[in-house]
Amino acid sequence: MQYSLPYVLLVVFYLGLSVFQLGMPLEENTRKYLNFLAIIIYILFFGFRGFVGWDWYNYYPYFTNLPTISNFIPEKNRYELGFSLFSVLIKSINSDYNFYILINCIVNITLLSIFLKRYVPSNLFAFSLVTFIVMEGFILEVNLLRNIKSVLLFLISLRYIENRKFFKFLILNLLGILFHWSAIIYLPLYFFLHKKVDLRVYFFIFILGNVIYLLQIQYVKPIVIFIASLMGKVAIGKAEGYMASTIFGAQYGITLGYLERVATSLLIMFYYNKLISKSKSNILFINSFFIFFIVYFFFSEISIIVNRVGILFFFSYWILWPQIINISEKLTKYLLFFFMAIYLNMRIVSMTNNVLYKYDNIMFKNCQSYQERLKVYEKHSKQLQKK
């Protein structure tokens with residue numbers, strides 16, 4: 001809890017704001033002011049952060065060594081063209097890394113707000129925002145400066161899946177790919193994400209996924225090893241090394257995360273018809289959640305797939321949890337909110353309770369410099385990555 005306290009206080013603030021918005025008969029203008037306050041707090045907390053997390057270790061020297069726009073040579077940049085241009089434009093305005101982080105944060109929260117306002121009622125905005133933060137949004141904001149842009153651009157493009165406007169969908173996601181190549185996985189979703197699936201199909205996926213996960217049935221690993229064997233001994237050695245690694249290998253066990261995913265799946269199936277009758281847009285997020293479920297339960301033997309692909313579909317939580325709260329009866333609503341609030345606090349503690357996430361803010365007098373945090377990173381990072 002030593003390093004998690006600032007994050008817990010942030011989560012508690014948003015949960016308190018959520019209780020106020022859900023429990024009070026407020027005018028729409030008042031709700032807008034409260035939502036604006038939620039956005040301002042987000043910018044103050046994340047936009048002015050110091051060297052928190054681990055990806056500043058890569059992005060600080062990257063940004064420091066970037067040229068301005070007049071000297072920009074795309075071929076000499078290590079990252080995707082869109083992200084490189086975005087970074088160079090900011091560098092051309094102000095070469096301060098803290099300014100760079102602030103602009104990134106403002107762009108992220110602006111895109112996120114556009115998305116949330118489309119798909120959740122205004123009285124659930126704060127709850128959606130805190131769900132975003134804890135359900136991987138924190139990791140995206142702090143550690144994955146490129147990925148978060150591609151995810152948010154996809155979320156903005158969801159309306160074009162609904163409206164069947166392929167060209168606009170394609171443009172936004174090609175732009176997303178220019179920020180991070182992983183956005184390519186979103187392109188095929190245009191053709192089926194909007195389609196309603198029979199609830200029995202989801203129930204079958206749920207049962208089969210749990211069987212594969214709990215019985216630790218390995219079927220991906222033999223396929224990978226077989227393909228590697230066709231490519232020679234070197235490929236076999238690398239494949240077997242990856243499979244045996246604690247970083248890339250299997251992730252099993254009845255953990256708190258497993259229980260939450262099972263509970264969320266059951267809630268979505270229980271409220272399936274009610275969610276869709278409330279808004280047909282929820283079909284997008286129900287389908288996205290079950291893609292997320294398939295990734296976690298069917299590919300748990302290879303954690304790198306779970307981590308790299310799973311994070312691209314966490315956005316389903318940001319909408320479905322608030323929507324489930326919204327359509328629940330009064331007593332159920334309070335109970336669900338209580339258990340979700342407990343889980344969000346527990347999860348943010350588990351995510352941030354290490355020295356690399358010691359919170360810092362450039363508005364603090366004793367904010368640590370890059371060199372000071374670099375010493376901490378180099379001392380602890382390898383040990384923490386093994387956990």
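In what follows, the structure referred to is the one given above.
Residues numbered from 1 in each chain as written. Predicted model: local features only at pLDDT ≥ 70, side-chain atom pairs only at ≥ 80, totals over all residues. Heavy atoms only, no water.

Okay, the overall build of the protein next. In terms of regular secondary structure, the protein is built from 18 helices and zero strands. Computed over its C-alpha atoms, the radius of gyration of the protein comes to 21 Å, within 12% of the 21 Å expected for a compact globule of 387 residues. Dimensions along the principal axes, computed over C-alpha positions, put the protein at roughly 65 × 55 × 45 Å. A buried classification covers 52% of the 387 residues belonging to the protein. Sequence separation of 24 or more characterises 76% of the internal contacts of the protein that already satisfy a separation of 6 or more. In the structure as shown, the protein presents an accessible area of about 18,700 Å², 66% of it carried by carbon and sulfur atoms. (Helix = DSSP H or I, 4+ residues; strand = E, 2+ residues; numbered from the N terminus. Rg over C-alpha atoms; globule rule 2.2 N^0.38 Å. Buried < 20%, exposed > 50% of the residue type's maximum accessible area, 1.4 Å probe, protein only. Contact = heavy atoms within 4.5 Å. Areas by Shrake-Rupley, 256 points an atom, 1.4 Å probe, with all protein chains shown as cover.)

On to the nonpolar core, then. Ranked by internal contacts, the top residues of the largest apolar core, which has 128 residues, are Phe-115, Leu-129, Phe-154, Leu-158 and Trp-318. In terms of residue count, the dominant contributor to this core is helix α6 (residues 125-143) (13 residues). Excluding its chain neighbours within four sequence positions, the residues that come into contact with Leu-158 are Phe-115, Tyr-119, Leu-193, Leu-284 and Phe-285. (Core = buried A, V, L, I, M, F, W, Y, C linked by side-chain atoms within 4.5 Å.)

Glancing now at empty space enclosed by the protein. Under the counting rule described, the total for this entry stands at one cavity of 30 Å³ or more. Of the pockets and cavities examined, the largest cavity occupies roughly 50 Å³. If you trace the largest cavity, you find it lined by Arg-49, Gly-50, Val-52, Asp-55, Trp-56, Tyr-59, Tyr-97, Ile-101, Val-142 and Leu-145. Secondary-structure elements contributing two or more residues to the lining of the largest cavity are α3 (56-64) and α5 (97-119). Considering only residue class, the lining of the largest cavity consists of seven nonpolar, one polar and two charged. (1 Å grid on protein atoms, 1.4 Å probe; cavity = no way out; pocket = protein on both sides within 12 Å on 5 of 7 lines; lining within 4 Å. Points joined across faces, edges and corners; volume = space filled by probe spheres on them. Nonpolar A, V, L, I, M, F, W, Y, C, P; charged D, E, K, R; others polar.)

One pass over the full model with this rule turns up 67 aromatic pairs. Note on Trp-56 and Tyr-370: the rings are 5.8 Å apart at their centroids and 85° apart in plane angle, and the pair reads as edge-to-face. With Trp-56 in helix α3 and Tyr-370 in helix α18 (residues 370-385), this residue pair connects regions lying 314 residues apart in the sequence. With a relative accessible area of 15%, Tyr-370 lands in the buried category. Judged by centre distance (6.2 Å) and plane angle (90°), the ring pair of Tyr-296 and Phe-314 falls under edge-to-face. With Tyr-296 in helix α14 (residues 282-298) and Phe-314 in the loop between α15 (303-310) and α16 (315-327), the pair connects residues that are 18 residues apart, well separated along the chain. With respect to class, Tyr-296 is no different from Phe-314; both count as buried. For Arg-164, the ring lying beneath its charged end belongs to Tyr-190, and the centroid distance is 4.0 Å. (Phe/Tyr/Trp six-rings, centres within 6.5 Å; stacked < 30°, edge-to-face > 60°. Lys NZ or Arg CZ within 6 Å of the ring centre and 35° of its normal.)

We now examine the pattern of salt bridges. A complete count under the given rule lists six salt bridges for this structure. Of the charged contacts, one joins Glu-329 and Lys-274 as a salt bridge, the two residues approaching to 3.8 Å between their closest N and O atoms. Placement of the pair is Glu-329 in the loop between α16 and α17 (330-352) and Lys-274 in helix α13 (residues 272-278), with a sequence separation of 55 residues. The exposure class of Lys-274 is partly exposed, given its relative accessible area of 37%. (Salt bridge = Lys/Arg side-chain N within 4 Å of Asp/Glu carboxyl O.)

On to a positive patch on the surface, then. Where like charges cluster on the molecular surface, the positive patch consists of Arg-118, Arg-159, Lys-165 and Lys-168. Mapped onto the elements, Lys-168 comes out in helix α8 (residues 166-177). Lys-168 gets classed as partly exposed once you look at its relative accessible area, which sits at 42%. (Patch = residues over 30% accessible without salt bridge, like charges linked within 9 Å, V, L, I, M, F, W, Y side chains within 5 Å. Lys, Arg positive; Asp, Glu negative; His and termini not counted. Charge placed at Lys NZ, Arg CZ, Asp CG, Glu CD.)

Our next topic: α8. Relative to the 16 Å expected for twelve residues at 1.5 Å per residue, α8 spans 16 Å between its end C-alpha atoms, a close match to the ideal helical length. Buried within α8 are the following residues: Phe-169, Leu-172, Asn-173 and Gly-176. Considered in projection along α8, the buried side chains sweep an arc of 90° and stay on one side of the axis. Contact partners of the buried residues in α8: α7 (147-162). (Expected span 1.5 Å × (residues − 1). Arc of directions from axis to C-beta.)

Our focus in this paragraph is the environment of Lys-76. Position of Lys-76 relative to the elements: it lies in the loop between α3 and α4 (81-93). Judged by its relative accessible area of 69%, Lys-76 is exposed. Note: C-alpha distance between Lys-76 and Met-135 (59 residues apart in sequence) is 35 Å.

Bringing helix α2 (residues 28-47) into the picture now. For an α-helix, 3.6 residues make a turn, and residues three or four places apart therefore share a direction. With 20 residues, α2 extends 27 Å from end C-alpha to end C-alpha; this agrees with the ideal 28 Å at 1.5 Å per step. Along α2, the residues that are buried comprise Arg-31, Leu-34, Asn-35, Ala-38, Ile-39, Tyr-42, Ile-43, Phe-45, Phe-46 and Gly-47.

This brings us to the side chain of Ser-157. Checked against the element boundaries, Ser-157 lands in helix α7. When neighbours within four sequence positions are excluded, Ser-157 is seen to be in contact with Phe-169, Leu-172 and Asn-173.

Turning next to a nonpolar patch on the surface. Among the surface-exposed residues, Phe-203, Ile-207, Val-211, Leu-215, Ile-217, Tyr-219, Ile-223, Phe-226, Ile-227, Leu-230 and Met-231 lie close enough to one another that they form a single nonpolar patch of about 1,100 Å² accessible area. Where the nonpolar patch is concerned, the elements lending two or more residues are α9 (199-214) and α10 (220-229). With respect to the helices, strands and loops of the structure, Met-231 is situated in the loop between α10 and α11 (233-244). The exposed category is assigned to Met-231, whose relative accessible area is 64%.

Everything listed here is a matter of coordinates, which is why it stays silent on function.
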